[in-house]
Amino acid sequence: MKSRLYCTLCRARTPRRKVLSHWDNNYYVDKQIYTLLRCERCGLVEIENKPQGDALARYYPDNYYAYDTSGNLFFKIKATAVRIARALPRLLAGRLLLSNLYAFAPAGANSSVLDVGCGDGSALRALKALGFARLYGTEMDARRRSTLERHGIEVIVTSDITTASLSEASFDVVRLSHVLEHVSNPFETIGQSRKLLKSGGKLLVAVPNFDSPARRVFGRYFCGLQLPTHLYHFNKSNLGQLLTTHDFVVRKLFTVGYSGLSSSLITLLKDKYGLVLPKVISTALILSLAPLEAVFNLIGLGYITTVEAVKP
């Protein structure tokens, strides 16, 4: 089935084809079916029947993973990686940090970072340890403000940085870690990120890789699908295109992640067969498939795309 709709990346009415349809198989808020359409020109995938406003907010429950990362295995691994990197020479540490979407602060005692969709603030606390003195985060849930402010984070309550009261050319780093796929206007969000950065400032972006083997094998059970909160789905090519369209210089673009296949298999077992694996078994599965994921990353086929881009 094909249709012709406006593409947020191509900025034109381009042919679309249906990729798949499914429901929320992360939190099972309901069984509403959402349909993904792919632009045949640039490959950008988006939900055709996007929920809006309160209808979308329902899919971010109180137990949404980003609101409390303290018990999450992957966030614990990231925190350990940051601690290791801090002890390494900067040239060796750079790739390790960027794999987790972190960066050393540039020289200067007043370096500032904006983490868009900062959740529980764990990433900003890690970035503070890497030298950033001024911590800013956006969050759409105002109830998170008091907790974040106790950690020295200045909070901007918004779901859209293009309408937030933020000063232009005021940040050394803008971080969009698994955020771009959630926003209603990714094209404008990247444009606003450029405005917010100082000259020479870095934009760090991570999104699921829609063209990864994990997505191709598991389809609607791909762990990076997360319908309907992931409104858009990118591949390496169109994410790079989006950044260069806004005059960013893409310094690094590669894939990371070590649980795309295993987490997708876990999702399939739960969603299709009602089988919930014990934590010890699911952890063992993740570890057993991690070497294969490492090979995918070496050849640029991992399930998460990570980018470092610079504002000239």
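Everything numeric in this text was worked out from a predicted model, so none of it was measured.

S.K.: Looking at this structure, I do not really get the pattern of salt bridges. What am I missing?
M.R.: Side chains that differ in sign of charge can pair as their charged atoms come close. Within this structure, the stated rule accounts for 13 salt bridges. Taking the shortest distance from any N to any O, the salt bridge between E46 and R16 comes out at 2.9 Å. In this pair, E46 sits in strand β4 (residues 45-47) while R16 sits in strand β2 (residues 13-22), placing the two residues 30 residues apart along the sequence. R16 matches E46 in its accessibility class, with the two residues each being buried. Residues D30 and R58 are paired through a salt bridge, measuring 2.6 Å at the closest nitrogen-oxygen approach. Of this pair, D30 sits in the loop between β2 and β3 (34-39) while R58 sits in the loop between α1 (53-57) and α2 (73-86), and the two are 28 residues apart along the sequence.

S.K.: Even after reading the chapter, I still don't get the side chain of D271, so can you show me in this structure?
M.R.: By the secondary structure assignment, D271 is in helix α9 (residues 260-273). The buried charged residue D271 lacks any salt bridge partner; its closest oppositely charged side chain belongs to K31, at an N-O distance of 5.8 Å. There is a polar contact of 2.7 Å between the side chain of D271 and the side chain of Y28. Aside from chain neighbours lying at most four places away, what touches D271 is H22, W23, N25, Y28 and Y221.

S.K.: Looking at this structure, I do not really get helix α6 (residues 186-196). What am I missing?
M.R.: Helical periodicity: at 3.6 residues per turn, an α-helix aligns residues three or four positions apart in one direction. Summarising burial for α6: eight of the eleven residues are buried, a large majority. Inspection of α6 places P186, F187, T189, I190, G191, Q192, S193 and L196 among the buried residues, and these make up the whole buried set. Packed against the buried residues of α6 are β5 (112-116), β8 (171-177), β9 (197-208), β10 (232-233) and α8 (236-245).

S.K.: Which parts of the structure should I look at to understand unusual backbone geometry?
M.R.: With the exception of glycine, most residues fall at negative phi, and the peptide bonds are largely trans. A cis amide bond links L227 to the next residue, P228, at an omega of -5 degrees. Structurally, P228 can be placed in the loop between α7 (213-218) and β10. Positive phi outside glycine occurs at A169, with the angle close to 55 degrees. Within the secondary structure, A169 sits in the loop between β7 (153-157) and β8. Judged by relative accessible area, A169 falls into the partly exposed class, the value being 44%.

S.K.: Any chance you could explain the state of the cysteines here in plain terms?
M.R.: A disulfide bridge is the covalent bond that connects two cysteines by way of their sulfur atoms. Tallying each qualifying case throughout the model produces zero disulfides. With no disulfide of its own, C7 lies 3.7 Å from the sulfur of C42, the closest cysteine sulfur. No disulfide involves C42; its nearest neighbouring cysteine sulfur is the one of C10, lying 3.4 Å away. Under the relative-accessibility criterion, C42 is labelled buried at 10%.

S.K.: Would you mind going over the packing of α6 against α8 with me for this structure?
M.R.: How two helices pack is summed up by the angle between their axes together with the distance between the axes. Two elements in contact, α6 and α8, have axes separated by 9 Å at closest approach and are oriented at 50 degrees. Between α6 and α8, the interaxial angle falls into the category oblique. For the pair α6 and α8, the sense of crossing is right-handed. Where α6 approaches α8, its residues P186, F187 and I190 are matched on the opposing element by L242, L243 and T245. Within the contact of α6 with α8, the residues separate by chemical class into five nonpolar, one polar and no charged.

S.K.: So what exactly am I meant to see when it comes to the packing of aromatic side chains here?
M.R.: Two numbers describe a pair of aromatic rings. These are the distance of the centres and the angle of the planes. A complete count under the given rule lists five aromatic pairs for this structure. Aromatic side chains Y34 and Y59 sit 6.1 Å apart centroid to centroid with 80 degrees between the ring planes, which places their arrangement in the edge-to-face category. Of this pair, Y34 sits in strand β3 while Y59 sits in the loop between α1 and α2, placing them 25 residues apart in sequence. Taken individually, Y34 and Y59 each receive the classification buried, so the pair is uniform in this respect. Through pairs of rings, three or more aromatic residues link up here, namely Y27, Y60 and Y64. For K31, the ring lying beneath its charged end belongs to W23, and the centroid distance is 4.4 Å. Across the ring face of F210, the terminal group of R215 is positioned such that the distance to the ring centre comes to 4.0 Å.

S.K.: Help me understand the nonpolar core in this model?
M.R.: Within soluble globular proteins, side chains that are nonpolar tend to cluster in buried spots. Of all hydrophobic cores here, the largest spans 87 residues; its most connected members are L180 and L203. If sequence neighbours within four positions are ignored, L180 has contacts with P186, T189, I190, V205, V207, F234, L239 and L242.

S.K.: What am I meant to see in helix α3 (residues 90-99) here?
M.R.: Those residues of α3 lying buried are A93, L97 and L98. Seen end-on, α3 carries its buried residues on one side only, within an arc spanning 125 degrees. Among the exposed residues of α3, those oriented more than 90 degrees off its buried face are L91 and L92. Just downstream of α3, L101 is the residue with a positive phi angle, here 65 degrees.

Calculation notes
- Residues numbered from 1 in each chain as written.
- Predicted model: local features only at pLDDT ≥ 70, side-chain atom pairs only at ≥ 80, totals over all residues.
- Heavy atoms only, no water.
- Salt bridge = Lys/Arg side-chain N within 4 Å of Asp/Glu carboxyl O.
- Helix = DSSP H or I, 4+ residues; strand = E, 2+ residues; numbered from the N terminus.
- Buried < 20%, exposed > 50% of the residue type's maximum accessible area, 1.4 Å probe, protein only.
- Lys, Arg positive; Asp, Glu negative; His and termini not counted.
- Polar contact = N/O pair within 3.5 Å; in protein donor to acceptor, adjacent residues only side chain to side chain.
- Contact = heavy atoms within 4.5 Å.
- Disulfide = S-S within 2.5 Å.
- Axes fitted to C-alpha atoms, helices over the stretch in contact; angles between N-to-C directions.
- Parallel < 35°, antiparallel > 145°, perpendicular 65-115°, else oblique.
- Left-handed = near helix turned anticlockwise from the far one by under 90°.
- Nonpolar A, V, L, I, M, F, W, Y, C, P; charged D, E, K, R; others polar.
- Phe/Tyr/Trp six-rings, centres within 6.5 Å; stacked < 30°, edge-to-face > 60°.
- Lys NZ or Arg CZ within 6 Å of the ring centre and 35° of its normal.
- Core = buried A, V, L, I, M, F, W, Y, C linked by side-chain atoms within 4.5 Å.
- Arc of directions from axis to C-beta.

Purely spatial values, then, with no claim about function.
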